[in-house]
Amino acid sequence: MLATRRLQKELQKMHAQLAPGLTLVKAEDLTEWVLDMRVLDDNPLYTGKTFRLKFMFSQKYPIEPPEVIFVQDAEHTIPMHPHIYSNGIICLNILDKEAWSPAQNVESVCISLQSMLTGNDKNERPPGDEEFVRGNTRRPRDINFYFHDNAV
Amino acid sequence: MKVNIKSWTAVAAWRWDMPEDDVCGICRSPYDSTCSKCKYPGDECPLLWGECNHCFHAHCIFVWIRAETSHGRCPMCRQEWKIVAKVSQD
């Protein structure tokens, strides 16, 4: 109930106005939304590229964070970033249960991700990316990230 | 002249003593509306102020504070959530 009404509110607001660089692609129901994101500055790692994000909401949203991943398809790649695994899984503290706040919302998460890319100049994946991507069978919700690097 | 009033219909409006178009940071509904579970605004769906000066529908902040991951902190500023007052009606 909380999730339904709150997501309807967010959707209304996003249909009326959305932060620069963001486009709502799909929000047919209140469990899974797709948004496209562009980085607004001229960071050479990401200029001219559009990245696709998938949000998945549980019934407990916004008490629990949404699960957010980058999506790879024919037109979209996974952005290179030391906190983004090549399968699209994102290591960002505000998306973790322990640092999430219900004052966050879909738009604010997108803006955080935008600034995470804007501030990055490393053309690399997280350490252990290959093993993680090969071996991971868990969904983002069930992964306990260890947040050690506050510099990026 | 003498007027005899036979009947009248009184109409009253109320609102919380809060900025008009502000919304609860948890459910995103206006303060004057209800939390997402209640049907009727007013005394049955009150607002609470925290010591940190943030305000939520009582039912919304209770759900958050009961969640283990809230660590008892305000969603807006992450200070410890302590109730100072119920919001009065204007």
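Numbering of residues begins from 1 in every chain and follows the order in which that chain's sequence is written. The lettering of chains begins at A and the numbering of ligands begins at 1, in the order of writing. Whole-chain, interface and lining totals are the exception, using all residues; otherwise, since this is a predicted model, local features are given only for residues with pLDDT of at least 70 and side-chain atom pairs are given and counted only at 80 or more. The side-chain numbers reported here are obtained from all heavy atoms of the structure, hydrogens and water having been left aside.

Attention now goes to the overall build of chain A. Helix and strand definitions here come from DSSP, where helices need a minimum of 4 consecutive H or I residues and strands a minimum of 2 consecutive E residues; each element is numbered from the N-terminal end. Broken down by element type, chain A carries three helices and four strands. The C-alpha atoms of chain A give 15 Å as radius of gyration, which agrees with the globular expectation for 152 residues (15 Å, within 12%). Referenced to the eigenvectors of the C-alpha coordinate spread, the extents of chain A come out at roughly 40 × 30 × 30 Å. When the 152 residues of chain A are sorted by exposure, 49% land in the buried category. Working definition of accessibility: Shrake-Rupley area with a 1.4 Å probe, residue cover restricted to the visible protein chains. Total accessible area on chain A is roughly 7900 Å²; 48% of this is exposed by carbon and sulfur atoms. Positive charges are assigned to Lys and Arg, negative charges to Asp and Glu, while His and the chain termini are left out of the count. Think of each charge as sitting on NZ of Lys, CZ of Arg, CG of Asp or CD of Glu. In chain A, which carries 17 positive and 21 negative side-chain charges, the distance between the mean positions of the two groups comes to 6 Å. C-alpha atoms define the radius of gyration in this analysis, and the globule rule sets the expected value at 2.2 Å times the number of residues to the power 0.38. Working definition: with a 1.4 Å probe on protein chains only, accessible area under 20% of the residue-type maximum means buried, over 50% means exposed, and in between means partly exposed.

Now for the confidence of the model for chain B. Residue and element names in this part refer to chain B. Per-residue confidence for chain B averages 90 on the pLDDT scale, and 98% of its residues sit at or above 70. Here strand 3 (residues 83-86) stands out as the least confident element of chain B, with mean pLDDT 82; helix 1 (residues 58-66) is the most confident, with 95. For this predicted complex, the interface score ipTM comes out at 0.80, alongside a pTM of 0.86. The pLDDT value expresses, per residue, how confident the predictor is, ranging between 0 and 100.

Turning next to helix 1 (residues 2-16) of chain A. In an α-helix, one turn spans 3.6 residues; hence positions three or four apart end up facing the same way. Residues and elements named next belong to chain A. What a helix is expected to span follows from its residue count: subtract one and scale by 1.5 Å. Counted at 1.5 Å a residue, the expected span for helix 1 with its 15 residues is 21 Å, and the 22 Å between its end C-alpha atoms agrees. Within the span of helix 1, buried status applies to Leu2, Ala3, Arg6, Leu7, Glu10, Leu11 and Met14. Along the axis of helix 1, the buried residues cluster in a sector spanning 145°; they form a single face. Seen from the open side of helix 1, the exposed residues pointing more than 90 degrees away from its buried face are Gln12, His15 and Ala16. Elements that come into contact with the buried residues of helix 1 comprise strand 1 (22-26), strand 2 (32-38) and helix 2 (106-118). Within this analysis, the arc is defined by the directions that extend from the helix axis to the C-beta atoms. The contact criterion used throughout is that any non-hydrogen atoms of two residues lie within 4.5 Å.

Here we take up the nonpolar core. All names here are of chain A. Residues Trp33, Leu53, Phe55, Ile90, Val106 and Leu113 are the most contacted members of the largest nonpolar core, which totals 33 residues. Elements with a minimum of two residues in this core: helix 1, strand 1, strand 2, strand 3 (50-56), strand 4 (67-71) and helix 2. The element contributing the most residues to this core is helix 2, with six residues. Residue types Ala, Val, Leu, Ile, Met, Phe, Trp, Tyr and Cys, when buried and joined through side-chain atoms within 4.5 Å, form a set referred to as a nonpolar core.

Across a sheet, strands are paired by hydrogen bonds formed along the backbone, either parallel or antiparallel in direction. Residues and elements named next belong to chain B. In this description, strands pair whenever DSSP reports at least two bridges between them. The strand order across the open sheet built from three strands is 2-1-3, with neighbouring strands paired in antiparallel fashion. Bordering the open sheet on either side are strand 2 (55-57) and strand 3, each of which pairs with just one other strand. Strand-to-strand twist of the sheet, defined as the mean angle between neighbouring strand axes without regard to direction, takes the value 30°. Sheet topology places strand 1 (residues 47-50) next to strand 2; three bridges connect them, and they run antiparallel. Its bridge partner being in strand 2, Leu48 is matched across the sheet by Phe56. Lines fitted to C-alpha atoms define the axes, with helix axes restricted to the stretch in contact, and inter-axis angles between N-to-C directions lie between 0 and 180 degrees.

Residues and elements named next belong to chain A. With 13 residues, helix 2 extends 18 Å from end C-alpha to end C-alpha; this agrees with the ideal 18 Å at 1.5 Å per step. Those residues of helix 2 hidden inside the fold are in contact with helix 1, strand 1, strand 2, strand 3 and strand 4. The N-cap of helix 2, judged by a side-chain oxygen 3.0 Å from the amide nitrogen of Glu107 a few residues on, is Asn105. Two N or O atoms form a polar contact when they lie within 3.5 Å of each other; inside protein one atom must be a possible hydrogen donor and the other a possible acceptor, and for residues adjacent in sequence the pair counts only when both atoms belong to side chains.

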